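What follows is each chain in one-letter form.
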Amino acid sequence: MKIIKTKDYQDMSRKAANLISAQIMMKPECVLGLATGSTPVGLYRQLVEWYQKGDLDFSKVTSVNLDEYKGLTRENEQSYYYFMNDNLFQHVNIDKKRTHLPDGMEPDSDKACTDYNGIIEAVGGIDLQLLGLGHNGHIGFNEPCDHFELGTHCVDLTESTIQANRRFFESYEAVPRQAYTMGIGNIMKARKILVVVSGEDKAEIVKKAFFGPVTPQVPASILQLHPDVCVVADEAALSGI
Ligand code: F6R
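In this text, all values refer to a predicted model and were calculated from it rather than measured experimentally. (Residues numbered from 1 in each chain as written. Predicted model: local features only at pLDDT ≥ 70, side-chain atom pairs only at ≥ 80, totals over all residues. Heavy atoms only, no water.)

**A word on the sheet that holds strand 8 (residues 178-181)**
Spatially, 4-8-7 is the arrangement adopted by the three strands of the open sheet, whose pairing is antiparallel. Edge positions in the sheet fall to strand 4 (67-69) and strand 7 (153-156), since each of these pairs with one other strand and no more. Pairwise comparison of adjacent strand axes, ignoring direction, gives a mean angle of 25° for this sheet. Relative to strand 8, strand 4 runs antiparallel, the two being bridged by three bridges. If you follow Tyr 69 over to strand 8, its bridge partner there is Ala 179. (Pairing = 2+ DSSP bridges. Helix = DSSP H or I, 4+ residues; strand = E, 2+ residues; numbered from the N terminus. Axes fitted to C-alpha atoms, helices over the stretch in contact; angles between N-to-C directions.)

**Structural notes on the site of the ligand**
Residues in close proximity to the ligand total 14 residues, the closest being Thr 39, Asp 67, His 138, Gly 140 and Lys 202. A distance of 2.8 Å separates an oxygen atom of the ligand from a polar backbone atom of Ser 38. For the ligand, whose accessible area on its own is 410 Å², the fraction buried by protein is 85%. Tallied by class, the residues present in the shell around the ligand amount to four nonpolar, eight polar and two charged. (Near = heavy atom within 4 Å. Polar contact = N/O pair within 3.5 Å; in protein donor to acceptor, adjacent residues only side chain to side chain. Areas by Shrake-Rupley, 256 points an atom, 1.4 Å probe, with all protein chains shown as cover. Nonpolar A, V, L, I, M, F, W, Y, C, P; charged D, E, K, R; others polar.)

**Here we look at the packing of helix 1 (residues 9-26) against helix 2 (residues 41-52)**
Interaxial distance between helix 1 and helix 2 falls to 8 Å at its minimum, and their mutual angle equals 55°. Between helix 1 and helix 2, the interaxial angle falls into the category oblique. Judged by the twist between their axes, the crossing of helix 1 over helix 2 is right-handed. Taking contact as the criterion, the partners of Tyr 9, Ser 13, Arg 14, Ala 16, Ala 17, Asn 18, Ile 20 and Ser 21 in helix 1 are, on helix 2, Val 41, Gly 42, Leu 43, Gln 46, Leu 47 and Trp 50. Within the contact of helix 1 with helix 2, the residues separate by chemical class into eight nonpolar, five polar and one charged. (Parallel < 35°, antiparallel > 145°, perpendicular 65-115°, else oblique. Left-handed = near helix turned anticlockwise from the far one by under 90°. Contact = heavy atoms within 4.5 Å.)

**Things to note about the packing of aromatic side chains**
By the definition in use, this model includes four aromatic pairs. When the centroid spacing of 6.4 Å and the interplanar angle of 70° are considered together, the rings of Tyr 51 and Phe 58 count as edge-to-face. Judged by relative accessible area, Tyr 51 falls into the partly exposed class, the value being 24%. For Phe 58, a relative accessible area of 1% puts it in the buried group. Centre to centre, the rings of Tyr 69 and Tyr 80 are 4.9 Å apart; their planes meet at 45°, and the pair counts as tilted. Of this pair, Tyr 69 sits in strand 4 while Tyr 80 sits in helix 3 (residues 80-87), and the two are eleven residues apart along the sequence. Comparing Tyr 69 with Tyr 80 shows no difference in burial state: the two are buried. Through a chain of ring-to-ring contacts, the aromatic side chains of Tyr 69, Tyr 80 and Phe 141 assemble into a single cluster. Looking at Arg 74, its charged tip hangs above the ring of Tyr 81, at a distance of 4.0 Å from the centre. (Phe/Tyr/Trp six-rings, centres within 6.5 Å; stacked < 30°, edge-to-face > 60°. Buried < 20%, exposed > 50% of the residue type's maximum accessible area, 1.4 Å probe, protein only. Lys NZ or Arg CZ within 6 Å of the ring centre and 35° of its normal.)

**A short note on the nonpolar core**
Ile 20, Leu 43, Tyr 44, Leu 47, Leu 88, Val 195 and Leu 223 are the most contacted members of the largest nonpolar core, which has 71 residues in total. With six residues, helix 2 is the largest single contributor of residues to this core. Excluding anything up to four places from it in sequence, Leu 88 contacts Leu 34, Tyr 44, Leu 47 and Val 48. (Core = buried A, V, L, I, M, F, W, Y, C linked by side-chain atoms within 4.5 Å.)

**A look at the pattern of salt bridges**
Applying the stated criterion across every chain, the model contains six salt bridges. The salt bridge involving Lys 53 is made with Glu 49; its shortest N-O contact spans 3.9 Å. The residue Lys 111 makes a salt bridge to Asp 115 at a minimum N-O spacing of 2.6 Å. With a gap of four residues between them, Lys 111 and Asp 115 both fall in helix 4 (residues 109-122), about one helical turn apart. The partly exposed category is assigned to Lys 111, whose relative accessible area is 40%. Using a relative accessible area of 36% as the deciding quantity, one classes Asp 115 as partly exposed. Among the charged side chains, a network of salt bridges with common partners joins Lys 27, Asp 127 and Arg 191. (Salt bridge = Lys/Arg side-chain N within 4 Å of Asp/Glu carboxyl O.)

**Digging into the layout of surface pockets**
In this structure, the largest pocket spans a volume of roughly 1,100 Å³. With five residues, the top contributor of residues to the lining of the largest pocket is helix 3. By volume, the second largest pocket amounts to about 250 Å³. Every element with two or more residues in the lining of the second largest pocket is listed here: helix 1, strand 9 (192-197) and strand 10 (229-234). No other element matches helix 1, which puts four residues into the lining of the second largest pocket. For the lining of the second largest pocket, the class distribution of residues is ten nonpolar, one polar and three charged. (1 Å grid on protein atoms, 1.4 Å probe; cavity = no way out; pocket = protein on both sides within 12 Å on 5 of 7 lines; lining within 4 Å. Points joined across faces, edges and corners; volume = space filled by probe spheres on them.)

The structure is reproduced here in structure tokens:
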């Protein structure tokens, strides 16, 4: 595992964007595994800026996202599809037909998950998977658990996640109760993994995940066993090590 220490959030975003940009230049038809959340917003902004300057070309890139809420339409501002479109896809020349997320509107969970595993396989697997890190060590929606779930699966969101998401929705009832997520196996099969982490509030989990024992109680700890992981984290996130 390689750890790149950056000064702050902006520096983290630029360095991580550099690695993604290098991947696209080395293999223009690459498959990028993408993430939502607040951490990657700055790096997506940077990629858009480089694209607008003519330094990056997404025309042959395929993307597969980590996760999506079950029951939200693509037009819903809280859907991860909306997020990706808003933060990246609509600003660059990526072919929308080559952007994939689990189908949040598929009510049959088994079908949604089997279909998504099929998509990841059909595109030839993931060249570079981008990950954020949850405060409890989750990656995607793989929450602490007593075993590592391998394939794409449907998760029941915990009451604390539902409560935390409440502020984004009209009512408590409107908050999604489930999500589809890539499993640990899908993530670990990626040829390269790039983890971005920022902020002092992540310092404790960075220490546990990357320097503690490998356990499904800290899902990100499994990344210690992957042969090609790069963590780009700012000083604050690395302050615990
Ligand atoms: C995002 C995702 C999540 C986030 C994680 C960190 O697609 O699956 O695992 O990466 O919750 O979120 P932020 O970056 O908001 O701290």
